[in-house]
Amino acid sequence: SHVPGECVSATSEDQARKVLPKAVYDSTAPAPTSTHSARHVDAFNSLVLCTVVSLPRVLRNVSSVDTSLTVLGQRLSMPVCVASTAMQRMAHADGELATARACRAAGTAMMLSSWATSSIEEVSEAGGGGSGVLWMQLYIYKDRELSLSLVRRAEQAGYQAIFLTVDTPYLGRRWDDVRNRFKLPSHLSMSNFSAPSLSFSEGSYGADSGLAVYVSKAIDPSLSWDDVLWLKRNTHLPVILKGILSAEDARQAVDCGVDGILVSNHGARQLDGVPATLDVLCEVVQAVAGRCDVFLDGGVRRGTDVLKALALGAKAVFIGRPVLWGLACQGEEGVVELLNLFKDELRLAMALAGCRSLSEVSTALVRRRDDFSR
Ligand code: FNR
């Protein structure tokens, strides 16, 4: 379990590395050419919290601090939600079901991957059949009816939003997965599909990363803005675009009527050399100008990271890998512990920054380190 004084997930990452098969641990690592991409985690360390600003931030009676908020119409205990990560049963036998139970216990939302190793319906049941908050992550398949059937199933099972991943027309080149010829262990499959060609359970994928082969066969690289409009027309649920990094795309997304934008570089697993999400958040927030919610994921590892992202304009953040590490170490209990650590750390960070509620978190809280040296 957690060592006091350590970053929320540093110890669980080490433990996860020990308990997981190498190919599984490798498949969660930053990827393309890791060293550059590892920077996305470091971005948080280049911002220092600045509590010395024009308005009093001390002596503000922080005896009670409220971390709760409403996101996409749902009441959450904190602005930290779980990002979609595929195939969670590789990390722990209970996989997505454990994550759903943990999110419900911690009062936060879970985004379920299209590529989950538990079905939309099973996860809904584990999440309390409507009492937990579930959002569906969508990949658009070449077969549009298939994509739409995922949306219909999510609607029927009580999911409350669709996060459309827009940064994966092809899979990024993940060298570890190529070397490991990554595929699912034979007892697992992507549970939302029955045909082996769609459930990622074909016998062989040749000498490549199996997932890269799967994506090139099944996922539609012709995805365009027309598909965003198509999705909006075909569901009553809020649609959020996951994987926006530029102000131009953010503006276009708003013009398409999306309900939110998740600034994400897919955990630095798609195009190598992209900026850290924290470094482009401000541009996106400015471009959106309040017309929809902006979220962030990538490298969020501590309560103070959450506060920094919120101060720069994110409505809430998502965490990916730390959840897998929690799962790998202790299943549901590990994820509950992780989420509660985030909540405790955020509450303390807010209190020390003089914020009693999230509405008091503003850009005045953060300065770039460079700004101090001038
Ligand atoms: C992901 N991510 C992802 N995104 C998505 O839209 N659908 C998916 O199925 C997956 N699967 C997936 C698997 C693994 C192992 C990882 C590490 C990531 C990306 C994920 O939703 C999120 O954007 C990042 O993981 C956030 O960064 P951190 O918190 O992992 O640094």
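What counts and how
- Residues numbered from 1 in each chain as written.
- Predicted model: local features only at pLDDT ≥ 70, side-chain atom pairs only at ≥ 80, totals over all residues.
- Heavy atoms only, no water.
- Buried < 20%, exposed > 50% of the residue type's maximum accessible area, 1.4 Å probe, protein only.
- Helix = DSSP H or I, 4+ residues; strand = E, 2+ residues; numbered from the N terminus.
- 1 Å grid on protein atoms, 1.4 Å probe; cavity = no way out; pocket = protein on both sides within 12 Å on 5 of 7 lines; lining within 4 Å.
- Points joined across faces, edges and corners; volume = space filled by probe spheres on them.
- Core = buried A, V, L, I, M, F, W, Y, C linked by side-chain atoms within 4.5 Å.
- Contact = heavy atoms within 4.5 Å.
- Polar contact = N/O pair within 3.5 Å; in protein donor to acceptor, adjacent residues only side chain to side chain.
- Lys, Arg positive; Asp, Glu negative; His and termini not counted.
- Salt bridge = Lys/Arg side-chain N within 4 Å of Asp/Glu carboxyl O.

An α-helical turn contains 3.6 residues, so any two residues separated by three or four positions project in the same direction. Counting buried positions over the nine residues of helix α9 (residues 210-218) gives seven, a clear majority of the element. All of the buried residues in α9 are Gly210, Leu211, Ala212, Val213, Tyr214, Val215 and Ala218.

Tallying each qualifying case throughout the model produces three cavities of 30 Å³ or more. Counted as a void, the largest cavity has a volume near 510 Å³. As for the largest cavity, its lining consists of 35 residues, and the residues nearest its centre are Ser84, Thr85, Ala86, His266 and Arg269. At three residues, the largest contribution of residues to the lining of the largest cavity is made by helix α2 (residues 22-28).

Let us look at the nonpolar core. Trp135, Tyr141, Tyr214 and Ile261 are the most contacted members of the largest nonpolar core, which has 127 residues in total. Per-element accounting of this core gives the leading share, 13 residues, to helix α14 (residues 321-352). Not counting residues up to four positions away in its chain, the partners in contact with Tyr214 are Trp115, Tyr141, Met190, Phe193, Ser197, Leu198, Ser199, Phe200 and Ile219.

With that settled, the discussion passes to the side chain of Asn265. Here Asn265 shows up in the loop between β9 (260-263) and α12 (277-288). Accessibility expressed as a relative area gives 4% for Asn265, which makes it buried. From its side chain, Asn265 meets the backbone nitrogen of Ala268 in a polar contact 2.8 Å long.

By the secondary structure assignment, Asp297 is in strand β10 (residues 293-297). Buried and without a salt bridge, Asp297 has Lys242 as its closest oppositely charged side chain, separated by 4.2 Å. At 2.8 Å, the side chain of Asp297 and the side chain of Ser264 are in polar contact.

Approximately 390 Å³ is the volume found for the largest pocket. Forming the boundary of the largest pocket are 19 residues, of which Val166, Asp167, Gly243, Ile244 and Asp249 lie nearest the centre. Those elements giving two or more residues to the lining of the largest pocket turn out to be α10 (225-234) and β8 (239-244).

With respect to the helices and strands, Arg233 occurs in helix α10. Remark: the alpha-carbon pair of Arg233 and Asp167, spanning 66 residues in sequence, is separated by 21 Å.

Evaluation of the coordinates by the stated rule reveals 11 salt bridges. For the salt bridge of Glu121 with Arg153, the shortest nitrogen-to-oxygen distance reads 2.9 Å. Of this pair, Glu121 sits in helix α6 (residues 120-126) while Arg153 sits in helix α7 (residues 144-156), placing them 32 residues apart in sequence. Look at Arg153 and you get partly exposed, because its relative accessible area is 22%. Each of the salt bridges in this network shares a partner with another, and the network as a whole consists of Arg144, Asp220 and Asp227.

What is shown is where atoms sit, not what they do.
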